[in-house]
Amino acid sequence: AQKVTQAQTEISVVEKEDVTLDCVYETRDTTYYLFWYKQPPSGELVFLIRRNSFDEQNEISGRYSWNFQKSTSSFNFTITASQVVDSAVYFCALSGGETGANNLFFGTGTRLTVIP
Amino acid sequence: DAGVIQSPRHEVTEMGQEVTLRCKPISGHDYLFWYRQTMMRGLELLIYFNNNVPIDDSGMPEDRFSAKMPNASFSTLKIQPSEPRDSAVYFCASSKGTGLVGEQYFGPGTRLTVT
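Below: a short report on this structure. (Residues numbered from 1 in each chain as written. Chains lettered and ligands numbered in written order. Predicted model: local features only at pLDDT ≥ 70, side-chain atom pairs only at ≥ 80, totals over all residues. Heavy atoms only, no water.)

### As for the state of the cysteines
Where two cysteines share a covalent bond between their sulfur atoms, that bond is called a disulfide. Residue and element names in this part refer to chain A. The tally for this structure, following the rule as stated, stands at two disulfides over all chains. Here C23 pairs with C92 through a disulfide, and the sulfurs are 2.0 Å apart. Taking the sign of the torsion about the S-S bond as the criterion, the disulfide between C23 and C92, at about -65°, is left-handed. With C23 in the loop between β3 (19-21) and β4 (24-26) and C92 in strand β10 (residues 88-96), this residue pair connects regions lying 69 residues apart in the sequence. (Disulfide = S-S within 2.5 Å. Helix = DSSP H or I, 4+ residues; strand = E, 2+ residues; numbered from the N terminus.)

This is the structure:
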């Protein structure tokens, strides 16, 4: 069975602070994909990143960075120098294996509030 | 370019009524997904299509729910009869399967309230 755990329900930070959102996953598949999506107050979900299970290289995109560690089954997301516009709910998701690469299992999300 | 289009954005209906939600995927995308989001259950995949063919409908809650994709540019999710527990935000998403696995683009959602 596939499972995604986002233990942090809500996080508040002051603008310009760094913040890390945790994601721990469970899967029996050897080939799988991990994702992060952002849901701003407007409600739509926005794709941020996809990683496959064979690529553990960390990735940086502007103020965003992702740390993928298979040894701990984690795919954490760090926002550097947070801004008010980063306030949103962030979802980690997993897909792969028998259920298919397109069948996303979402975590429960972490609500990030950046205080000006 | 236009993103995924959903209509209506808000729907309020009475228990027992039929509800039809509509979705237009991004042109050229060959996968279409229907999700439901509630506070209790989070984001759940209901059904997805590939090239207009339903691939996995295991997430459809019960027979009251049905989805169709008559062509590459249109899909519907129908609830008949609707019940208060169907109240949720329903999202449609699309993706281009080859090489972009899981990179789904979501519509703005339809907020359904069943009274």
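So, next bit.
### Observations concerning the layout of surface pockets
Where empty space is left becomes clear once a probe the size of a water molecule has been rolled over the atoms. When its volume is computed, the largest pocket comes out at roughly 910 Å³. Every residue lining the largest pocket is counted, 40 residues in all, and those nearest its centre are Q39, V89 and R111 of chain A together with Q37 and M39 of chain B. Among the elements of the structure, β10 and β12 (110-115) of chain A together with β4 (31-38), β5 (42-50), β9 (88-95) and β11 (110-114) of chain B are those that each provide at least two residues to the lining of the largest pocket. Grouping the constituent residues of the lining of the largest pocket by class yields 16 nonpolar, 19 polar and five charged. (1 Å grid on protein atoms, 1.4 Å probe; cavity = no way out; pocket = protein on both sides within 12 Å on 5 of 7 lines; lining within 4 Å. Points joined across faces, edges and corners; volume = space filled by probe spheres on them. Nonpolar A, V, L, I, M, F, W, Y, C, P; charged D, E, K, R; others polar.)

### A closer look at the interface of chain B and chain A
Each partner contributes residues to the interface: chain B has 19 residues there, and chain A has 16 residues. In total, about 1500 Å² of surface goes out of reach between chain B and chain A, with carbon and sulfur atoms giving 54% of it. Counting the contacts that link chain B with chain A gives one salt bridge. E103 of chain B is paired through a salt bridge with R50 of chain A; the nearest N and O atoms lie 3.2 Å apart. The tally of links between chain B and chain A comes to three residue pairs in polar contact (both at pLDDT 80 or more). Taken together, the elements giving at least two residues each to the side of chain B that touches chain A come down to β4, β5 and β9 of chain B. The element that contributes the greatest number of residues to the side of chain B that touches chain A is β4 of chain B, accounting for four residues. Here the residues of the side of chain B that touches chain A are counted per class, giving eleven nonpolar, six polar and two charged. (Contact = heavy atoms within 4.5 Å. Buried area = accessible area lost by both parts, 1.4 Å probe. Salt bridge = Lys/Arg side-chain N within 4 Å of Asp/Glu carboxyl O. Polar contact = N/O pair within 3.5 Å; in protein donor to acceptor, adjacent residues only side chain to side chain.)

Scope: geometric values only; no functional claims are made or implied.
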